[in-house]
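Observations on the three-dimensional arrangement
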Amino acid sequence: RPEFPVDSVGYLTTRLFELWTGSTDLSPEDARWVRGTDRRWRIMPRLHAGAFARFGGLVPLLARPLSPLASSYKEEFAKRLSQNPAQFALDARLATPLPQATWDSVAHALAARVTDEEIASATAVLPAGWDGDKEELARAIIARRDGLVDAGRKLREKVLEKPPEAYKLADR
């Protein structure tokens, strides 16, 4: 609505970052917004506690089809895109009106911000308590970064399967 203008490109950048990092635990109700000097609402950064999470065992395996929270971070994006279905309510209203070229441009710009060397350096210094393979994690982050444009296109197509009115925040 014109009286509540939103920075849709900023919102899209946040959503693609969440897709890249596997931040599936985020709920639209938890989003915090700030009004900029240009009077547009901007989504504020959030804690991405579920980023890069890996779950093993039988329970997560059985829960994955029902809950994106049980998805493990790996090189390929999950078919469901590991996103909270309720998040699609905001996606449909704020991001899908942007043209595909904008989605591609935002994904390219986001991916270009972090080099292979920066990823390798960051994963190499993970604390001792982290029990995963650091090189495997670095490969997964790089692969997902390199596939971000395609994943963004798939997310947009998925959200466009229904009209915005079909998505409700209570759908999760």
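Worth saying up front: this structure is predicted, and the values here are computed from it rather than measured.

1. Some remarks on the environment of Glu-157
Here Glu-157 lies in helix 7 (residues 148-159). The class of Glu-157 is exposed, set by a relative accessible area of 53%.

2. Focus on the packing of aromatic side chains
Throughout the structure, instances matching the rule amount to 2 aromatic pairs. Seen in terms of ring centroids, Tyr-11 and Trp-33 are 6.3 Å apart; in terms of plane orientation they differ by 15°. Their pairing is stacked. In this pair, Tyr-11 sits in helix 1 (residues 8-21) while Trp-33 sits in strand 1 (residues 33-35), placing the two residues 22 residues apart along the sequence. Classification of Tyr-11 as buried rests on a relative accessible area of 1%. An angle of 80° between the planes, with centres 6.3 Å apart, marks the rings of Phe-17 and Trp-20 as edge-to-face.

3. Description of the confidence of the model for the protein chain
Averaged over the protein chain, the pLDDT score is 81; the fraction of residues at 70 or greater is 73%. Ranking the helices and strands of the protein chain by mean pLDDT puts helix 4 (residues 100-112) first, with 97, and helix 2 (residues 58-63) last, with 60.

4. Focus: the environment of Gly-22
Among the secondary structure elements, Gly-22 is positioned in the loop between helix 1 and strand 1. The exposure class assigned to Gly-22 is buried, which follows from its relative accessible area of 13%.

What counts as what
Residues numbered from 1 in each chain as written. Predicted model: local features only at pLDDT ≥ 70, side-chain atom pairs only at ≥ 80, totals over all residues. Heavy atoms only, no water. Helix = DSSP H or I, 4+ residues; strand = E, 2+ residues; numbered from the N terminus. Buried < 20%, exposed > 50% of the residue type's maximum accessible area, 1.4 Å probe, protein only. Phe/Tyr/Trp six-rings, centres within 6.5 Å; stacked < 30°, edge-to-face > 60°. pLDDT = per-residue confidence, 0-100.

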